[in-house]
Structure formats: structure tokens, C-alpha cells
Amino acid sequence: MYQQHTDEAPPAAPNAATAPPAHEPFTIERGSFCIAHCSCGWTGPARRSRDRARTDAEEHRSAP
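The residue count restarts for each chain, going from 1 along the sequence in the order it is written. Since the coordinates come from a predicted model, pLDDT governs what is reported: local features require at least 70, and pairs of side-chain atoms require 80 or more to be given and counted, while whole-chain, interface and lining totals use all residues. Water and hydrogen atoms were dropped before computing side-chain values, which therefore reflect all heavy atoms in the structure.

Attention now moves to the sheet that holds strand E2 (residues 33-37). The sheet built from three strands is open, its strands ordered E1-E2-E3 with antiparallel pairing. If you trace the sheet from one side to the other, it starts and ends with strand E1 (26-30) and strand E3 (43-47), each paired once. Recorded for the sheet is a direction-independent mean angle of 20° between the axes of neighbouring strands. One bridge is not enough; two strands pair if DSSP finds at least two bridges between them. Secondary structure elements follow DSSP: runs of H or I no shorter than four residues count as helices, runs of E no shorter than two count as strands, and numbering proceeds from the N terminus. As judged from the three bridges shared by E2 and E3, these two strands associate in the antiparallel manner. Note on E3: the bridge partner recorded for Cys34 is Arg47. Lying over the sheet, helix H1 (residues 50-62) contacts E1, E2 and E3, oriented at roughly 10° with respect to E2. Axes here mean lines fitted to C-alpha atoms, for a helix over just the part in contact, with angles spanning 0 to 180 degrees between N-to-C directions. Residues count as neighbours in contact if any of their non-hydrogen atoms are within 4.5 Å of one another.

What follows is the structure, encoded as C-alpha cells:
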């Protein structure tokens, strides 16, 4: 029986299992600084203001 090689296989349709993860930002405290991070790999600048770090995270969540 003929086996299809990967370069001959049609591309798979995107589905929920292969879709990139949604943005899930969170903050981490390191000493006197707070840093916003996201599940997509984005990292915001270190801030002394925790409120500003949370604002950075929310701005990232709403970014395209």
C-alpha cells in the first residue's frame, strides 16, 4: 500500500487543539518590582508600581 509522505499530505485545518493559546497575562513580583508576563511569551517592563504592571498586562490582553 502506498504511504503518503509528509510533504505530500494536505495541510491540516486549524482547530482548537492546534490554535495558539489565548492571551492570559499575569504579574510576578520580584523584590520591589512587579513584572507583567503572558502565556504567549510576552514580558512587560519591570515596574515599581504594581498598578502600572497590571495596566501593562491588560493593555497586552486587548492588543491584536
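Along E2, four of the five residues are buried, which leaves the element largely enclosed by surrounding structure. Two elements, E1 and E2, share five bridges in a ladder whose sense is antiparallel. Of the residues in E2, the one forming a bridge with Arg30 is Phe33. Between the end of E1 and the start of E2, which pair antiparallel, lie two residues, with Gly31 showing a positive phi angle near 65°. Hairpin geometry of E2 and E3 is characterised by an intervening segment of five residues between the two adjacent antiparallel strands and by a positive phi of about 110° at Gly41. Residue exposure (1.4 Å probe, protein chains only): buried if accessible area is under 20% of the type maximum, exposed if over 50%, otherwise partly exposed.

Keep in mind these values describe shape, not function.
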